[in-house]
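The chain contents come next:
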Amino acid sequence: MLDSESRSAILQLHQRGQGIRPIARALNISRNTVKAVLADGSARVPELNRASAVEPYRELIGQLYLSCAGNVVRIQEELQAHGVEISYSTLTGYCRREGISQKPKKRTGHYHFEPGEEMQHDTSPHDVLIGSKKIRVQCASCVLCYSRKLYAQVYPGFNRFYCKTFLTEAVKYFCGAASRCMVDNTSVVVAGGSGKNAIIAPEMVAFSERFGFVFEAHEKGDANRSARVEGPFYFIERNFYPGRKFEDFADLNRQLVSWCDSKAHRYLRELQTRPIDLYQTERFHLKALPLHIAEVYDLHSRVVNLEGDIQLHTNRYSVPDEYLGRRVQVRETLDKVSIYHGHRLLAQHPRQPEGARARVVCKQHRTPGGRPSRNGGGTPVLPEETTLRAAAAELDKLVTLLRCGKQGRPLRHIRRLYQFYLDYPTDALCQAVSRALEYGLTDLDRIEHMTLRTIAGEFFRLQINPDSQDNDDE
């Protein structure tokens, strides 16, 4: 069908005295079409009043729409069950024209950002072939809104530890941070509320203050507000993963950083320039990096088992034998696991993947012979036991009774007795132990009570002056 401009051209040429054949030749249309336009005498395009093949079943389609929950495929199947043969394209075209099963589209907004004003962060699940196994991973990305410079990494999961690790690397990659970091209402960053009423978790507030930016959350359902970071996920999934091979997460992330570097030099038609060129302007408006960037770690408390290991995310890491049964602090970073007792570093191991059920053993942590020294009772000889036996004969006898007793877990009782030795005066403890041994007592609770009574009696015992006593008698 001719548009209004072609119909106007036909009428104008006819008014100039041109015949039907020259007009048809000039406009490359048929003579019958020219005749039809001249007969109509109007440049307005006539409306089509062609009857639709679906129109007789309008009422039936309305009923099926309700019973089929708006699924057009099911509507077509039910129509076929009623003996109505309508092609899927015809049915969907009719539904579009009538507004059936079509959600009204909303006008999108446009956001303008000044250099260094905002960066956006979000995550998306991706299925990636790593090694020979396809794994569901979490892809985290951060983008500078003005220059569109992108940084992305992939993690096996995503919590506050991974979030702080990723944003630290992103800020270092950008050589600074924007004034504001826009996120969705994820519980990783938001502790409660949503949108403008969102309460940022104190842990994440302290982290953001380290780099001089603040977290903000957009309103629920307003995904258009974080469009700068939503688009790259589709771009990464379609343009980065296909055709590449990854040995492990470290190899994947190295390739992903190189890919982000290369894509910063591509020309964006929307911006009429390259992100790297805009970044040269934006970098001077970013918050400067602090003089020292502390390494992000997650802190865990563990007790060393009798095999000389601590367990973390199903993996086991060795600890020196002299710390069997003791509680230690474990600092987990992205690539290593450090084990501390107080301020003393006991061991440092390469971090194993979560859920790998691996065991990392350092040979220096094991005593000669492959086993810790043991006494006749079959339990290890601890340094605390050696100290107690050398301190006093009463303590030596009590340690022997604790090892041979029927209370179970002798190492636990020996460590508790050693704690008494550190906390209370040795004379008071030995006096209480001596009295307890006279009656065959090994209950540490009662021994501690007797020790405290001994200390209290010595503290409150008054030294009486003989002169003052004589004066009182007079």
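Scroll up a little and you will see the structure.
This section reports on the structure supplied with the text. Each residue is numbered by its place in its chain's sequence as written, counting from 1. At least 70 in pLDDT is required for a residue's local features to be given in this predicted model, at least 80 for side-chain atom pairs to be given and counted, and no such filter applies to totals for whole chains, interfaces and linings, which use all residues. Only hydrogens and water are set aside when side-chain values are computed; all heavy atoms of the structure are taken into account.

## A few points about the overall build of the protein chain
Argument step 1. Think of it this way: any DSSP run of H or I at least four residues long counts as a helix, any run of E at least two long counts as a strand, and we number them from the N terminus. Assigned secondary structure in the protein chain consists of 17 helices and 14 strands.
Argument step 2. Burial status follows relative accessibility: with a 1.4 Å probe on protein chains alone, a residue under 20% of its type maximum counts as buried, one over 50% as exposed, and anything between as partly exposed. For the protein chain, buried positions account for 38% of its 474 residues.
Argument step 3. In this analysis, two residues are considered to be in contact whenever any of their non-hydrogen atoms come within 4.5 Å of each other. Expressed as a percentage of contacts within the protein chain between residues at least 6 apart in sequence, the contacts between residues at least 24 apart total 57%.
Argument step 4. What sets the accessible areas is the Shrake-Rupley method with a 1.4 Å probe; for residues, cover comes only from the shown protein chains. As presented, the protein chain carries roughly 28,500 Å² of accessible surface, and 49% of it is formed by carbon and sulfur atoms.

## Considering helix α9 (residues 227–239)
Think of an α-helix as 3.6 residues a turn; residues three or four steps apart then line up on the same face.
Argument step 1. By this rule the span expected of a helix is its residue count minus one, scaled by 1.5 Å. The terminal C-alpha atoms of α9 lie 18 Å apart, and with 13 residues this matches the ideal 18 Å at 1.5 Å per residue to within 8%.
Argument step 2. Residues Arg228, Val229, Pro232, Phe233 and Ile236 constitute the buried set of α9. The buried residues of α9 occupy one face: seen down the axis, they fall within an arc of 140 degrees.
Argument step 3. On its buried side, α9 packs onto β1 (118–130), β2 (133–144), β3 (150–155) and α10 (249–263). Directions pointing from the helix axis toward each C-beta atom define the arc.

## Points about the sheet that holds β2
Argument step 1. One bridge is not enough; two strands pair if DSSP finds at least two bridges between them. Spatially, five strands are ordered β3-β2-β1-β4-β7 in an open sheet, and the strand pairing comes out mixed. If you trace the sheet from one side to the other, it starts and ends with β3 and β7 (214–217), each paired once. Going from strand to strand, the sheet's axes swing by 30 degrees on average, the running direction of each strand aside.
Argument step 2. Bridge count between β1 and strand β4 (residues 180–183): three bridges; the pairing is parallel. From the neighbouring strand, glutamine 120 faces β4, where its bridge partner is methionine 182.
Argument step 3. To obtain an axis, a line is fitted to C-alpha atoms, over the contacting stretch when the element is a helix, and the angle between two such axes runs from 0 to 180 degrees between their N-to-C directions. With respect to the sheet, α9 is in contact with β1, β2 and β3, its orientation differing from that of β1 by roughly 20 degrees.

## Side note on the sheet that holds strand β10 (residues 315–318)
Argument step 1. Taking strand neighbours across the sheet as the criterion, the three strands line up as β9-β10-β14 in an open arrangement whose pairing is mixed. Looking at the sheet topology across the chains shown, the edges are occupied by β9 (309–312) and β14 (359–360).
Argument step 2. Taken together, the four bridges between β9 and β10 define a ladder with antiparallel strand orientation. If you follow glutamine 311 over to β10, its bridge partner there is arginine 316.

## Here we look at the packing of aromatic side chains
How two aromatic rings sit relative to each other is set out by the distance from centre to centre and by the angle between their planes.
Argument step 1. Here a pair means two rings of Phe, Tyr or Trp (six-membered ring of Trp) with centres within 6.5 Å. Their orientation is stacked below 30 degrees between planes, edge-to-face above 60, and tilted elsewhere. Counted by the stated rule, this structure contains 16 aromatic pairs.
Argument step 2. Centre to centre, the rings of tyrosine 155 and phenylalanine 158 are 6.1 Å apart; their planes meet at 50 degrees, and the pair counts as tilted.
Argument step 3. What makes tyrosine 155 buried here is its relative accessible area of 2%.
Argument step 4. Ring pairing ties together the aromatic residues Tyr151, Tyr155, Phe158, Phe161, Tyr162, Phe166, Tyr173 and Phe174, which thus form one cluster.
Argument step 5. Only when the NZ atom of a Lys or the CZ atom of an Arg is both within 6 Å of the ring centre and within 35 degrees of the ring normal do we say a charge sits over the ring. Taking the ring centre of tyrosine 340 as reference, the NZ or CZ of arginine 331 above it sits at 4.6 Å.

## So, the environment of histidine 112
Argument step 1. Relative to the assigned elements, histidine 112 resides in the loop between α6 (88–98) and β1.
Argument step 2. Histidine 112 gets classed as exposed once you look at its relative accessible area, which sits at 58%.
Argument step 3. As for histidine 112 and cysteine 145, which are separated by 33 residues in sequence, their C-alpha atoms are 8.6 Å apart.
Argument step 4. Here a polar contact is taken to be a pair of N or O atoms separated by no more than 3.5 Å, where protein atoms must pair a possible hydrogen donor with a possible acceptor and residues adjacent in sequence count only if both atoms sit in side chains. One polar contact links histidine 112 to glutamate 114, side chain to side chain, over a distance of 3.2 Å.

## Examining the pattern of salt bridges
Argument step 1. Every case where a carboxyl oxygen of Asp or Glu lies within 4 Å of a side-chain nitrogen of Lys or Arg is listed as a salt bridge. Taken as a whole, this structure holds 26 salt bridges when the rule is applied.
Argument step 2. Among the salt bridges present, the one from arginine 7 reaches aspartate 40, with a minimum N-O distance of 2.9 Å. Of this pair, arginine 7 sits in helix α1 (residues 4–15) while aspartate 40 sits in helix α3 (residues 31–40), and the two are 33 residues apart along the sequence.
Argument step 3. When its relative accessible area of 7% is taken as the criterion, arginine 7 is described as buried.
Argument step 4. Look at aspartate 40 and you get partly exposed, because its relative accessible area is 46%.

## Here's the deal with the pairing of β10
Argument step 1. Two successive antiparallel strands, β9 and β10, enclose a turn made up of two residues, where histidine 313 displays a positive phi of approximately 55 degrees.
Argument step 2. Strand direction decides the pairing type here: β10 and β14, joined by two bridges, are parallel. Directly across from tyrosine 317, in β14, lies its bridge partner valine 360.

## Points about the layout of surface pockets
Argument step 1. The calculated volume of the largest pocket comes to roughly 820 Å³.
Argument step 2. If you trace the largest pocket, you find 28 residues lining it, with Tyr155, Asn253, Leu334, Asp335 and Arg351 closest to the centre.
Argument step 3. Of all elements in the fold, only β3, α7 (160–174) and α10 reach the threshold of two or more residues within the lining of the largest pocket.
Argument step 4. Each residue receives one of three labels: charged for Asp, Glu, Lys and Arg, nonpolar for Ala, Val, Leu, Ile, Met, Phe, Trp, Tyr, Cys and Pro, and polar for the others, Gly being one of them. Across the lining of the largest pocket, the residue classes break down as 14 nonpolar, six polar and eight charged.
Argument step 5. Of the grid points, spaced at 1 Å and generated over the protein atoms alone, those admitting a 1.4 Å probe that cannot get out make up cavities, while open sets with protein on both sides within 12 Å along at least five of seven lines make up pockets; any residue with an atom within 4 Å of a point is treated as lining. Grid points are joined across faces, edges and corners, and a volume is the space filled by probe spheres set on the points. What the second largest pocket holds in volume is close to 480 Å³.

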